[in-house]
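Notes for the structure review
Next come the chains, spelled out residue by residue.
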Amino acid sequence: MDTPQDILRALGLNPDSLTGGTLSARSPIDGAELAQVHEHTVAQAHSAITRARQASLAWRDVPAPRRGELVRLFGEILRQHKRELGRLVSLEAGKIVAEGEGEVQEMIDICDFAVGLSRQLYGLTIASERPGHRMMETWHPLGVVGVISAFNFPVAVWSWNTALALVCGNAVVWKPSEKTPLTALACQALFTQAAQRFGDAPAGLSEVLIGGRDIGEALVDSHAVALVSATGSTRMGRQVGPRVAQRFGRVLLELGGNNAIIVGPTADLDMAARGIVFGAIGTAGQRCTSTRRLIVHESVADDLVQRLHKAYASAPIGNPLDGTKLVGPLIDRTSFDAMQAALNAAREQGGKVTGGERVLADEYPNAWYVRPAIAEMPGQTDVVCHETFAPILYVMRYTDFAQALAMQNGVPQGLSSAIFTNDLREAETFLSAAGSDCGIANVNIGTSGAEIGGAFGGEKETGGGRESGSDAWRNYMRRATNTINYSRHLPLAQGIKFGE
Ligand code: NAD
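Residues numbered from 1 in each chain as written. Predicted model: local features only at pLDDT ≥ 70, side-chain atom pairs only at ≥ 80, totals over all residues. Heavy atoms only, no water.

In this section: the overall build of the protein. Helix and strand counts for the protein stand at 14 helices and 23 strands. Its C-alpha radius of gyration of 24 Å places the protein within 12% of the 23 Å reference for a compact globule of 500 residues. Over its C-alpha atoms, taken along the principal directions, the protein stretches across nearly 80 × 60 × 35 Å. Per-residue burial for the protein yields a buried fraction of 55% across its 500 residues. Considering only contacts in the protein between residues 6 or more positions apart, those separated by 24 or more positions represent 74%. (Helix = DSSP H or I, 4+ residues; strand = E, 2+ residues; numbered from the N terminus. Rg over C-alpha atoms; globule rule 2.2 N^0.38 Å. Buried < 20%, exposed > 50% of the residue type's maximum accessible area, 1.4 Å probe, protein only. Contact = heavy atoms within 4.5 Å.)

We now examine the nonpolar core. Val263 and Tyr394 are the most contacted members of the largest nonpolar core, which has 155 residues in total. No other element matches helix α7 (residues 181-198), which puts 11 residues into this core. Residue assignment places this core across two domains, with domain 1 (4-255 + 463-481) and domain 2 (259-443) each supplying three or more. The residues contacting Tyr394, other than those within four sequence positions of it, are Arg292, Arg293, Leu294, Ala342, Ala346, Ala375, Met377, Val383, Val384 and Thr388. (Core = buried A, V, L, I, M, F, W, Y, C linked by side-chain atoms within 4.5 Å. Domains from an automatic or database assignment.)

Quick look at the UniProt feature "active site" (unreviewed entry) in the protein now. The feature "active site" (unreviewed entry), as annotated in UniProt, sits at Glu254 in this numbering. Along the chain, the position of Glu254 falls in strand β9 (residues 250-254). Leave out the neighbours within four places in its chain, and Glu254 touches Ala230, Thr231, Gly232, Phe456, Gly457, Thr462, Gly465, Arg466 and Glu467. (UniProt positions renumbered as here; feature names shortened; annotations may be inferred.)

As a further point, take a nonpolar patch on the surface. Taken together, Leu490, Leu492, Ile496 and Phe498 make up a surface patch of nonpolar side chains, about 450 Å² in accessible area. Mapped onto the elements, Phe498 comes out in the segment after β23 (477-485). (Patch = residues over 30% accessible without salt bridge, like charges linked within 9 Å, V, L, I, M, F, W, Y side chains within 5 Å. Areas by Shrake-Rupley, 256 points an atom, 1.4 Å probe, with all protein chains shown as cover. Salt bridge = Lys/Arg side-chain N within 4 Å of Asp/Glu carboxyl O.)

Before going further, it helps to examine the environment of Glu103. Along the chain, Glu103 falls in helix α5 (residues 97-117). On the basis of relative accessibility, which here comes to 1%, the residue Glu103 falls in the buried class. The spatial distance from the C-alpha of Glu103 to the C-alpha of Asn482 is 41 Å, given a sequence separation of 379 residues. Aside from chain neighbours lying at most four places away, what touches Glu103 is Val89, Lys95, Asn152, Phe153, Pro154, Val155 and Ala156. In this structure the side chain of Glu103 is engaged in a polar contact, spanning 2.8 Å, whose partner is the backbone nitrogen of Val155. (Polar contact = N/O pair within 3.5 Å; in protein donor to acceptor, adjacent residues only side chain to side chain.)

By convention here, two paired aromatic rings are described through the distance between centres and the angle between planes. Within the structure shown, the criterion is met by 9 aromatic pairs. Both rings, one in Trp139 and one in Trp473, keep their centres 5.3 Å apart while their planes meet at 65 degrees; by these two values the pair is edge-to-face. With Trp139 in strand β4 (residues 133-141) and Trp473 in the loop between β22 (467-468) and β23, this pair connects stretches of sequence that are 334 residues apart. A relative accessible area of 11% places Trp139 in the buried class. (Phe/Tyr/Trp six-rings, centres within 6.5 Å; stacked < 30°, edge-to-face > 60°.)

Taken together, 28 residues are adjacent to the ligand, and Lys175, Glu178, Ser233, Gln239 and Glu387 come closest. One of the backbone N or O atoms of Phe151 is found 3.2 Å from an oxygen atom in the ligand. In this structure, an oxygen atom belonging to the ligand sits 2.6 Å away from a side-chain N or O atom of Ser233. Of all elements in the fold, only α8 (213-221) and α9 (234-246) reach the threshold of two or more residues within the shell around the ligand. If you tally residues by element for the shell around the ligand, the top one is α9, at 4 residues. Looking at the shell around the ligand, its residues break down into 11 nonpolar, 10 polar and 7 charged. Residues lining the shell around the ligand come from more than one domain, with at least three contributed by each of domain 1 (4-255 + 463-481) and domain 2 (259-443). (Near = heavy atom within 4 Å. Nonpolar A, V, L, I, M, F, W, Y, C, P; charged D, E, K, R; others polar.)

What helix α14 (residues 424-431) keeps buried is the set Glu426, Ala427 and Phe430. Across the axial projection of α14, the buried residues extend over an arc of 100 degrees, all falling on one side. For α14, the exposed residues set more than 90 degrees away from the buried face come down to Leu424 and Arg425. Buried residues along α14 sit in contact with β10 (259-263), α13 (401-409), β18 (416-420) and β19 (440-443). Sitting at the amino-terminal end of α14 is Asp423, which places a side-chain oxygen 2.9 Å from the backbone nitrogen of Arg425. (Arc of directions from axis to C-beta.)

Glancing now at the UniProt feature "domain: Aldehyde dehydrogenase" (unreviewed entry) in the protein. Within the UniProt annotation, "domain: Aldehyde dehydrogenase" (unreviewed entry) is assigned to residues 22-479. Helix makes up 40% of residues 22-479 and strand makes up 21%, while its end C-alpha atoms are separated by 43 Å.

Confidence in the prediction for the protein averages 97 pLDDT; 100% of positions are at 70 or higher. Interface confidence for the predicted complex, given as ipTM, is 0.98, next to a pTM of 0.97. (pLDDT = per-residue confidence, 0-100.)

By secondary structure assignment, the location of Ala272 is in helix α10 (residues 269-281). For the pair formed by Ala272 and Gly446, sequence separation is 174 residues and the distance between their alpha carbons is 7.8 Å. Ignoring any residue separated from it by four or fewer positions in sequence, one finds Ala272 in contact with Val263 and Phe420.

Right, dumping it as structure tokens:
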């Protein structure tokens, strides 16, 4: 198997340059130190923003389809390095190999999407009320886009933002999670290769800043950063949102989720069980779209819960690199402590908890593997309404559909949701205005594993942002409304007569 050093080299990084820094990059797989990364100072962050600003001034004049060519080349380089980058994601974030590579595939997919988009940045032509006039809408680049990202999707989130931001004519400054600096440096190295192949991309088009909250704050407070796209906890969004608004900057917030699956009396329980298990224990419950709540009809609850216990008992937990495991480690000890605190609260609030204990402690004393937990709750108590970023599935029973919907919507977060049912009325009601209040609402598939073609994001405390597919590109551009008079007169709108 390749050593971490081999992987770094294959991705264009020199392991010797990743020593002696103040940020210790550790693998959650065994707690081993992978590198000591040099952190940027706030002054360096400002210089990077200035370079990006300069780059954006040149880049905005490059025709959008040509900008798409750079993203196409980047997608090609990602295809060539999918295995190595996926492995680095596994090493740094603890994802199983299939999910590490899956994340890189998501990067490739968004590059393809963005390349097509580079020829489709359409504006409208609008009927004018005045004779001899034409109205239209044009879309222009914003300038510099700041990206702040979370540890659990260390590369995909950046690429969702960057591929679109670049074809839209912007430069990007990225502040990755301090828990995953190496994947960020690897992405930057691969991007640099793409820029070299492209030929005349301006320097500073993509900048990476390594550091903690103070570096993120430099992006948040800089007037030169037109849009701050921030992915992470609701706590972070609560700080970032108002600060950017204070300077009238734009924000795109992708924050915490508390995603539920409703299982109705007519559901296909085999399918439902598969969807729930993947959503609840995949990525060790560390996806923003992880299934955290199961709202199941009382007539099928015993059967379904029994199936879940069986699946949980046989889910292999362990080193995510070995290819046979489905559940890797939690990111760190803080995460483990938060899980234990939530399970204790669940017990105090009347829950019956199975699993949740630490495993493999002898083999990996410096890593945090857990058995995924199922907590059967008497109702949607306080702990159920919080996002705990760990594999805990709260199970609640219901008797009538309106009650299930009220429970689904009765939490502060609004990211992803799903229903398993074969009842058309239930399915359509779930998708209707009176149904799920989430940004993502699915029928007969689970809550996690979104495709890049759709807009991704959620409501309420999830922050309201939308990234990735559909028309999310508009977030990265500013709209101008243009009225052109090709007549010899100057009629005023609304028929106003002024001094005539
Ligand atoms: P986190 O909030 O601790 O950190 C996220 C990023 O924000 C990091 O880069 C961090 O350095 C930075 N940051 C924190 N406070 C900041 C501040 N005041 N100013 C500027 N930057 C600041 O989140 P995490 O633990 O890395 O990730 C897990 C969380 O992210 C979960 O809540 C999860 O649901 C959420 N998440 C959401 C999505 C989504 O698309 N909705 C995707 C992935 C993760």
